[in-house]
2 protein chains.
Amino acid sequence: MALVFSENSVGLVSPKVARFDQPLALACGRQLNEYEIIYETYGELNEQRSNAVLICHALSGHHHAAGYHSVEDRKPGWWDTCIGPGKAIDTNKFFVVSLNNLGGCNGSTGPGSRNPETGKIYGADFPMVTVEDWVHSQARLADRLGIEQWAAVVGGSLGGMQALQWSISYPERIRHCVAIAAAPKLSAQNIAFNEVARQAILSDPDFLDGFFIEHGTTPKRGLKLARMVGHITYLSDDSMGTKFGRELKTSQLNFDVNNVEFQVESYLRYQGEEFSGRFDANTYLIMTKALDYFDPAAVHDGNLAKTFAHAQASFYLISFTTDWRFSPARSKEIADALIAAKKNVVSVEIDAPQGHDAFLMPIARYLQAFSSYMNRIEI
Amino acid sequence: MALVFSENSVGLVSPKVARFDQPLALACGRQLNEYEIIYETYGELNEQRSNAVLICHALSGHHHAAGYHSVEDRKPGWWDTCIGPGKAIDTNKFFVVSLNNLGGCNGSTGPGSRNPETGKIYGADFPMVTVEDWVHSQARLADRLGIEQWAAVVGGSLGGMQALQWSISYPERIRHCVAIAAAPKLSAQNIAFNEVARQAILSDPDFLDGFFIEHGTTPKRGLKLARMVGHITYLSDDSMGTKFGRELKTSQLNFDVNNVEFQVESYLRYQGEEFSGRFDANTYLIMTKALDYFDPAAVHDGNLAKTFAHAQASFYLISFTTDWRFSPARSKEIADALIAAKKNVVSVEIDAPQGHDAFLMPIARYLQAFSSYMNRIEI
């Protein structure tokens, strides 16, 4: 294996599935009577069970965060830059757990699964799940794995929101909360972009009110548009400019709406096409709604400091200068609330041209700061 | 009439149509053999014909910029805040000409018109038109109206690009160029948003390759999505936050993808619906392409100063602090090039929370600065 994978890779990994039959009550008022969660683990759980780190994924993420499923894999897991031997989340030190959230489309129970009560594919009948619901389901997974307390819960974007929610829902079960490129709630503009994406899916004739799988269709046009608009918000204006500028696809203008003129159009279309072939439309709707609904301070009249009153974790917040989806100002809101609540918080702003997507990128100062924090965690 | 309309309104106005049968060669290599331009005028042309001001419209604009078409009209023309007796573009002083551009859908020859050569509705066969093409067609309209030289050519956004192009294409025919919330060319991000809008239209099954009128359909879903995504870029994050925040549409969450949860979703859907009922999908494609293609410096290897070398006009540039579509930095690019080209330029940045749409709003300092410049124009 040493010949195939680099020394700082977790190498070959295999997902496992945990099945649960104790009903899970959801924020929407419904419940899941039985469900499965697919997950991967990297590293070894120590004897004291004190070195477990939970990775929470973002909108289109999943359980495969590091390593390879086969030697033929061209790409490793989605956060391989940060998880592995000697990396920020060092698998020589930590036992890392990464799962696919409920409602997902990569192996955990979701809209593409069969409803055991009806024998039919859930489709649009899958219940709405929220960040809180996910955290509860993740706590069940922790129980199953014998993890009483996470050394750290870590996530970027929507994953960061789950890390924050852990500190609120299970204060005694999380020692460190690492929220990267996160926000305490979406802005109206964030919701607006999500709504455009949802309308693209909902208005695709192949969506068939969400029961497309049983009708053998896929709302690819809607998913493609949803991904395209999402993708623009993941990149910064600067990084798009550097990457594509106004470079033409062919040597001269076509003066035609059907032909791609500029590289950036070609790139976006490709991203959208590729995504529409692998992602479930109902999952996309659920994930964007979970983002919209996240607002832990709502039950405290918007007082975020009060929301964190019972948190026991130490907090580490990372933001990126050109992230306009969840800008450094949004991380500052969280930091200010934690300071007001007299919590232990360190906040780092990283100079990075890549926009929101920076949290997935190998940016030297980011990896250094992230590693430095994780290395200091006592296990 | 004094009883019906306020003193600073141009009052009742009627559009006129100018028909042209001299072929217009277009940048795309095709030509329009005959065409009509619909326009309105406000104020009186003076004897010296020295007080004419041309208004150029933006993406979804048209000829009806000021006043009312009937006493029942609930809304005046789209730039009534700036055009009228005593207003920034003072109709007591100026003779104002406002037209609908070729390719439009409000009365000028466009994709919804009948092609005289085939007897069929143009649809997708309407040739691509560019900012340069529009300026040439506007010059023909000026000839028709006996206007040798404009006192000023004025426009916001895509309209500002036309004003800039006038100073380049017809340096001797424009004394003042007023470009508001404009840019010298689109960024990759700007193009990306346009591309999402176009893909929404092109992938709507009712678009029928652009021949939807002759098939009796309307690609309303695509147009609605296009407008929704466009609309987000016209507003600032701040103004959306102030206007909608996270206010719920109903008193509690529905946990349902089909129901509107937040006010901002409801607003966007309404804007999209309304637009899809009144705008032509082919026109939308043409207008976004015209934006993408605008890059007058391209023929000078990107040297914008060189591009303005022969301009004779005085330039007045206005930008708005929270405009992230065409930010103040984009106006500065224009100003810097004009300074390098030793042109007469004044640039003003207005504090305004409204984003790109600010150029349509009654913002005191904006109206004051705009009026002050226009008042000093000698006629």
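Reading the values: the criteria
- Residues numbered from 1 in each chain as written.
- Chains lettered and ligands numbered in written order.
- Predicted model: local features only at pLDDT ≥ 70, side-chain atom pairs only at ≥ 80, totals over all residues.
- Heavy atoms only, no water.
- UniProt positions renumbered as here; feature names shortened; annotations may be inferred.
- Helix = DSSP H or I, 4+ residues; strand = E, 2+ residues; numbered from the N terminus.
- Rg over C-alpha atoms; globule rule 2.2 N^0.38 Å.
- Buried < 20%, exposed > 50% of the residue type's maximum accessible area, 1.4 Å probe, protein only.
- Contact = heavy atoms within 4.5 Å.
- Areas by Shrake-Rupley, 256 points an atom, 1.4 Å probe, with all protein chains shown as cover.
- Lys, Arg positive; Asp, Glu negative; His and termini not counted.
- Charge placed at Lys NZ, Arg CZ, Asp CG, Glu CD.
- Core = buried A, V, L, I, M, F, W, Y, C linked by side-chain atoms within 4.5 Å.
- Buried area = accessible area lost by both parts, 1.4 Å probe.
- Salt bridge = Lys/Arg side-chain N within 4 Å of Asp/Glu carboxyl O.
- Polar contact = N/O pair within 3.5 Å; in protein donor to acceptor, adjacent residues only side chain to side chain.
- Least-squares fit on C-alpha atoms with pLDDT ≥ 70 in both.
- Pairing = 2+ DSSP bridges.
- Right-handed = clockwise from strand over helix to strand, strands pointing away.
- Axes fitted to C-alpha atoms, helices over the stretch in contact; angles between N-to-C directions.
- Parallel < 35°, antiparallel > 145°, perpendicular 65-115°, else oblique.
- Left-handed = near helix turned anticlockwise from the far one by under 90°.
- Nonpolar A, V, L, I, M, F, W, Y, C, P; charged D, E, K, R; others polar.
- Expected span 1.5 Å × (residues − 1).

Within an unreviewed UniProt entry, the label attached to chain A reads Homoserine O-succinyltransferase, and the organism entered is Thiopseudomonas acetoxidans. Entered under Sequence similarities (unreviewed entry) in the UniProt record, the comment concerning chain A runs "Belongs to the AB hydrolase superfamily. MetX family."

I'd like a rundown of the overall build of chain A, residues and numbers included.
A count of helices and strands for chain A gives 10 helices and 12 strands. In summary, chain A has a C-alpha radius of gyration of 21 Å against a globular reference of 21 Å for 379 residues, a match within 12%. Residues counted as buried form 61% of the 379 residues belonging to chain A. A sequence separation of at least 24 residues applies to 71% of the contacts in chain A between residues at least 6 apart. A total accessible area of about 14,700 Å² is found for chain A, and carbon and sulfur atoms account for 47% of it. A gap of 2 Å separates the mean positions of the 34 positive and 42 negative side-chain charges of chain A.

An account of the nonpolar core is requested, with residue identities and associated values reported.
Core analysis: the largest hydrophobic core is formed by 257 residues, its most contacted members being Trp79(A), Phe370(A), Trp79(B), Tyr366(B) and Phe370(B). Once you skip the residues sitting within four places of it in the chain, Tyr366(B) turns out to touch Trp79(B), Cys82(B), Ile180(B), Ile318(B), Phe320(B), Ile350(B), Ala358(B), Phe359(B) and Met361(B).

Any chance you could break down the interface of chain B and chain A for me, citing the residues and the numbers?
Contact residues are listed per partner, giving 54 residues for chain B and 54 residues for chain A. Between chain B and chain A, a total of about 4,400 Å² is buried, with carbon and sulfur atoms accounting for 69% of that surface. Linking chain B to chain A there are 8 salt bridges. Note that Arg246(B) is salt-bridged to Asp295(A), the shortest N-O span being 3.3 Å. Taken together, the links from chain B to chain A amount to 19 residue pairs in polar contact (both at pLDDT 80 or more). Elements supplying a minimum of two residues to the side of chain B that touches chain A: helix H3 (188–202), helix H4 (220–234), helix H5 (237–243), helix H6 (263–276) and helix H7 (281–293) of chain B. With 11 residues, the single largest contributor to the side of chain B that touches chain A is H3(B).

Describe in detail the UniProt feature "binding site: substrate" (unreviewed entry) in chain A, supporting the description with residues and values.
Residue and element names in this part refer to chain A. Within this structure's numbering, the places UniProt gives as "binding site: substrate" (unreviewed entry) are Arg227 and Asp357. The annotated residues occupy 131 residues of the chain but converge on a single region, no pair of C-alpha atoms lying more than 13.9 Å apart. Position of Arg227 relative to the elements: it lies in helix H4 (residues 220–234). Here Arg227 falls in the buried class, since its relative accessible area comes to 8%. Here Asp357 is to be found in the loop between strand E12 (345–350) and helix H10 (364–376). Note on Asp357: relative accessible area 15%, which makes it buried. Dropping the residues within four chain positions of it, Asp357 is found in contact with Tyr234 and Leu235.

Please set out the UniProt feature "site: Important for acyl-CoA specificity" (unreviewed entry) in chain A residue by residue, giving values where relevant.
All names here are of chain A. When the UniProt feature table is mapped onto this chain numbering, "site: Important for acyl-CoA specificity" (unreviewed entry) sits at Arg325. Structurally, the position occupied by Arg325 is in the loop between strand E11 (314–320) and helix H9 (328–340). Excluding its chain neighbours within four sequence positions, the residues that come into contact with Arg325 are Leu59, Asn190, Asn194, Thr233, Tyr234, Leu291 and His356.

Any details on the relation of the copies chain B and chain A? Residues and values, ideally.
Once chain B is rotated about the relating axis by 180° and shifted along it by 0.0 Å, it coincides with chain A to within an RMSD of 0.0 Å. The operation mapping one copy onto its partner corresponds to a two-fold rotation axis. Taken together, the interface assignments show that 100% of the residues at the interface of chain B recur at the interface of chain A, consistent with an identical surface on both copies.

Describe the pairing of strand E12 (residues 345–350) of chain B, listing the residues and the values that go with them.
Residues and elements named next belong to chain B. Here strand E11 (residues 314–320) pairs with E12 via 6 bridges, running parallel. Looking across to E12, one finds that Tyr316 is bridged to Val346. Of the crossover connections in this fold, the one passing from E11 over helix H9 (residues 328–340) to the parallel E12 is right-handed.

So what about the pairing of strand E4 (residues 35–42) of chain B? Which residues, and what values?
Residue and element names in this part refer to chain B. Along E4, 7 of the 8 residues are buried, which leaves the element largely enclosed by surrounding structure. In terms of strand pairing, strand E1 (residues 16–20) meets E4 through 5 bridges, oriented antiparallel. Paired with Phe20 across the bridge in E4 is Tyr35. Where E4 lies against strand E8 (residues 95–99), 4 bridges are found, and the strand directions are antiparallel. Each residue of the ladder has a partner; that of Tyr42, found in E8, is Val96.

Account for the packing of helix H1 (residues 131–145) of chain A against helix H2 (residues 158–169) of chain A, naming residues and giving values.
Residues and elements named next belong to chain A. At a minimum axis distance of 9 Å, the contact between H1 and H2 shows a crossing angle of 70°. One finds that H1 runs roughly perpendicular with respect to H2. Where H1 crosses over H2, the two elements pack in a sense that is right-handed. Of the residues in H2, those in contact with Val131, Glu132, Trp134, Val135, His136, Gln138 and Ala139 of H1 are Leu158, Met161, Gln162, Gln165, Trp166 and Ser169. Taken together, the residues of the contact of H1 with H2 sort by class into 7 nonpolar, 5 polar and 1 charged.

Requested: an account of helix H7 (residues 281–293) of chain A, with residues and values cited.
Residues and elements named next belong to chain A. Here H7 is 13 residues long and its end C-alpha atoms lie 18 Å apart, about the 18 Å a rise of 1.5 Å per residue gives. Counted residue by residue, H7 has 13 buried out of 13 residues, so it is predominantly covered. At the N-terminal end of H7, a side-chain oxygen is found 2.9 Å from the backbone nitrogen of Asn282, two or three residues along, and the residue is Asp280.

Now, about the side chain of Gln162(B): what can you tell me, with residues and values included?
Its location among the elements puts Gln162(B) in helix H2 (residues 158–169). Among residues more than four places away in sequence, those in contact with Gln162(B) are Cys56(B), His57(B), Asn101(B), Val131(B), Trp134(B), Val135(B) and Gln138(B).

Which residues make up the sheet that holds E12(A), and what values do they have?
Remark on secondary structure: sheet strands pair via backbone hydrogen bonds, oriented parallel or antiparallel. Residues and elements named next belong to chain A. Strand order in the open sheet formed by 8 strands is E1-E4-E8-E5-E9-E10-E11-E12, and the pairing between neighbours is mixed. Two strands close off the open sheet at either side, each with one partner strand: strand E1 (16–20) and E12. Neighbouring strand axes in the sheet, compared pairwise and without regard to direction, differ in orientation by 20° on average. Lying on the sheet, H1 is in contact with E1, strand E4 (35–42), strand E5 (52–56) and strand E8 (95–99); it crosses E1 at an angle near 105°. Across the sheet, H9 touches E11 and E12, and the angle it forms with E11 is around 160°.

Can you explain the pattern of salt bridges? Please cite residues and give values.
Counting across every chain of the model gives 30 salt bridges over all chains. Of the charged contacts, one joins Arg198(A) and Glu265(B) as a salt bridge, the two residues approaching to 2.7 Å between their closest N and O atoms. Of the two residues, Arg198(A) sits in helix H3 (residues 188–202) while Glu265(B) sits in helix H6, which places them in two different chains. Exposure class is identical for Arg198(A) and Glu265(B). Each is buried. For Arg198(B), the salt bridge is made with Glu195(B), and the minimal N-O distance between the two is 3.3 Å. On the criterion of helical spacing, the pair formed by Arg198(B) and Glu195(B) is a turn pair, its members being 3 residues apart in helix H3. For the residue pair Arg198(B) and Glu195(B), the accessibility class agrees, reading buried in each case. Taken together, the shared-partner salt bridges in this structure form one network comprising Glu195(A), Arg198(A), Lys289(A), Asp292(A), Glu265(B) and Arg269(B).

Go over unusual backbone geometry, please, and point to the residues and values.
All names here are of chain A. Of note, the phi angle at Ser157 is positive, near 60°, even though the residue is not glycine. Structurally, Ser157 is set in the loop between strand E9 (152–156) and H2. According to the relative accessible area criterion, Ser157 is buried, its value standing at 6%. With a phi close to 50°, Leu208 is a non-glycine residue in the positive phi region. As for its placement among the helices and strands, Leu208 is situated in the loop between H3 and H4.

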